[in-house]
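Here's the letter readout for the chains.
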Amino acid sequence: MAFESNIDTAPIRTTPLGLPLLAYIRKDPLGAASHLHGHFGDVARLRILFRRIYYFFRPEAAREILVDHQADFAREARLLNIFKSFQGSNVLTSEGEDWERQRRILAPGFSPKRIPGFMGLMSAAIHDSVGEELPSEVGSSAVVDVDFLTTRITMDVILRTLFSHATTQAEASRVSSAIRALTRQSMREVFWAFVPPRWLPYPGRAAKLRHLQVVNTLIATHVKARARASQGTDIASHDVLGMMLAARDDNPTTGGATLTSQEIHDNCFLLFSAGFDTASSALTWWIGLMATHSQVADQVRSEVDGASASAPATESIARLPLLNATIKEAMRLYPPSTALITRVAIRDVVIGDVPVSKGTLVVVPIWHLHHDPRSFAEPNDFRPDRFMPGAPDIPRSAYLPFGAGPHFCLGQYFASVEMALVAAHIVQNFDLCLEAGAVLPEATVDIALKPKTTLRVQFTRRRKAPAPPSCQ
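Residues numbered from 1 in each chain as written. Predicted model: local features only at pLDDT ≥ 70, side-chain atom pairs only at ≥ 80, totals over all residues. Heavy atoms only, no water.

Within the largest apolar cluster, 100 residues are counted, with the highest numbers of intra-cluster contacts made by M244, F272 and F459. With 16 residues, the single largest contributor to this core is helix α11 (residues 261–292). Beyond its immediate sequence surroundings of up to four residues, M244 is in contact with L106, L162, L259, I264, N267, C268 and L271. Grouped together as the second largest cluster of nonpolar side chains are 20 residues, F56, F73, V349 and V364 included. (Core = buried A, V, L, I, M, F, W, Y, C linked by side-chain atoms within 4.5 Å. Buried < 20%, exposed > 50% of the residue type's maximum accessible area, 1.4 Å probe, protein only. Helix = DSSP H or I, 4+ residues; strand = E, 2+ residues; numbered from the N terminus. Contact = heavy atoms within 4.5 Å.)

In structure tokens form, the structure reads like this:
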């Protein structure tokens, strides 16, 4: 692959501690990685604050790190400790035997065969939240901040599927704001020289404690109420909390066969932290792409309408090929968790032909894998056909919206179904277009990948006989 020869290398020039480069990566992680790729090629070897850091830009290397040699790497303990400071010890923040036990207990509850049991709760949340936020009369329109809309919908879905709790607009806004503030604070702490202990005053500590109280109080209230209600009875498992309370490890090798009350609380926190914001980001970009590709939106709408008429079951709609292909392509162009996947080598290992010594931090930049023309022809174009049945195979590990290897996202299928149901409801009920003269905003890393400026889309409630969008 040829790289531009006129790339400005000033931000990546070597200094004794690499502090200017560290500041550049913090300010613009996507731009910094692009500079590194253009300057160094497929492997960028850096040293920052006396630490070796290697960026690998090929999918073959990503697969070796995350799958083939996964036993030679560990997740970065410092990063886990930062997230543990507000999420507690859950299936994301734990490691070793503790992680294996929690994942083994929880995995069956998020398997494809269990997700249909949550679809009724998802659909109710989608219907109610969209009904509150978007026009209800046929032909009426509203111009909406899409990120605000998708945040409301996905927070409703999380609360409904987790606790069977129908939230209010005010509660959804309060909880989502607290979660985003906590995650932003954690991203700040990633670049600090050390992780401060909980008792030590530090920038953002007071606000962090306030936001923690909002989320912890909500979770504790629902968990305690369910525990009281289930005393002396079989635990209901119609929602995610019920599933976690009932989940068992039939062949425990370490620890208890069920999750402790604290582990249930901490994994509920994880679902809030990881569940709503990544789905919200993916749906925000999907709506923007549908608003700028009306022909594709019409094709998806026809597919959804046809499925609703012939087999209105929610499960069949969630499996529609074109609908899902557009969502997958949206996540390729705008991967929600595009902040880097990192691992630390726990022993000397060779990735490709590159020796990686023990202690090296390796980086897998998802955005750049998803936009590599060697894996995706015309990588900046929206082409859902890449993910349609019969399309050419995508190189392994070139597409990683949910990660890969043993630590791939446990809620991958849950999130995929959630996004499909939200997308189907929106495209079936609304025509979409950008404001006159507007274009899709640039992307920026704000925990998840978000529009750099507000993405505003006009939603027009559809007539039963679809008419062309009213925007010019």
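Text resumes after the structure shown.
So, about the packing of helix α4 (residues 77–87) against helix α8 (residues 169–190). At their nearest, the axes of α4 and α8 sit 10 Å apart, and the two run at 150 degrees to each other. Classified by the angle between their axes, α4 and α8 sit roughly antiparallel to one another. For the element pair α4 and α8, the recorded crossing hand is right-handed. Of α8, the residues touching α4 (which contributes R78, L79, I82, F83, S85 and F86) are L182, T183, S186, M187, E189 and V190. Of the residues that constitute the contact of α4 with α8, the class distribution is seven nonpolar, three polar and two charged. (Axes fitted to C-alpha atoms, helices over the stretch in contact; angles between N-to-C directions. Parallel < 35°, antiparallel > 145°, perpendicular 65-115°, else oblique. Left-handed = near helix turned anticlockwise from the far one by under 90°. Nonpolar A, V, L, I, M, F, W, Y, C, P; charged D, E, K, R; others polar.)

When pLDDT is averaged along the protein, the result is 88; 92% of the residues meet or exceed 70. Between residues 1–9, whose pLDDT stays under 50, and residues either more than four places distant or in other chains, the model counts 12 contacts. (pLDDT = per-residue confidence, 0-100.)

Before going further, it helps to examine the sheet that holds strand β9 (residues 430–434). Pairing within the open sheet is antiparallel, and its three strands lie in the order β4-β12-β9. Every other strand in the sheet has two partners, leaving β4 (141–145) and β9 as the edge strands with one partner each. Between one strand axis and the next, the sheet turns through 30 degrees on average, direction left out of account. By the bridge criterion, five bridges tie β4 to strand β12 (residues 456–461) in an arrangement that is antiparallel. Bridge pairing in β12 links D145 to R456. On top of the sheet, helix α16 (residues 412–429) reaches β9 and β12; it is set at about 90 degrees to β9, its chief contact. (Pairing = 2+ DSSP bridges.)

Applying the stated rule across the entire model yields 27 salt bridges. A salt bridge links R58 to D42; the shortest N-O distance between them is 3.7 Å. Of this pair, R58 sits in the loop between β2 (51–56) and α3 (59–68) while D42 sits in the loop between α2 (29–40) and β1 (43–48), placing them 16 residues apart in sequence. The exposure class assigned to R58 is partly exposed, which follows from its relative accessible area of 30%. As a salt-bridge pair, R383 and E378 come within 3.0 Å of each other at their nearest N and O atoms. We classify R383 as partly exposed; its relative accessible area is 25%. Salt bridges linked by common partners bring D42, R58, E60, D372 and R374 together as one network. (Salt bridge = Lys/Arg side-chain N within 4 Å of Asp/Glu carboxyl O.)

We now examine the sheet that holds strand β3 (residues 73–74). A sheet is described by the order of its strands in space; here five strands give the open sequence β1-β2-β8-β5-β3, paired in mixed fashion. Two strands bound the open sheet, and with one partner strand each, they are β1 and β3. In this structure, β3 lies alongside strand β5 (residues 341–345), joined through two bridges in antiparallel fashion. Bridge assignment links F73 to a residue of β5, and that residue is A345.

By secondary structure assignment, the location of D147 is in helix α7 (residues 146–163). Accessibility expressed as a relative area gives 18% for D147, which makes it buried. Those residues in contact with D147 that lie beyond four places of it in its chain are R180, S280, T284 and K450.

As a further point, take the pairing of β12. Of all six residues making up β12, five are buried, and the element is well covered by its neighbours. Bridge count for β9 against β12 is five bridges, and the pairing is antiparallel. Counterpart to L434 in the pairing with β12 is V457.

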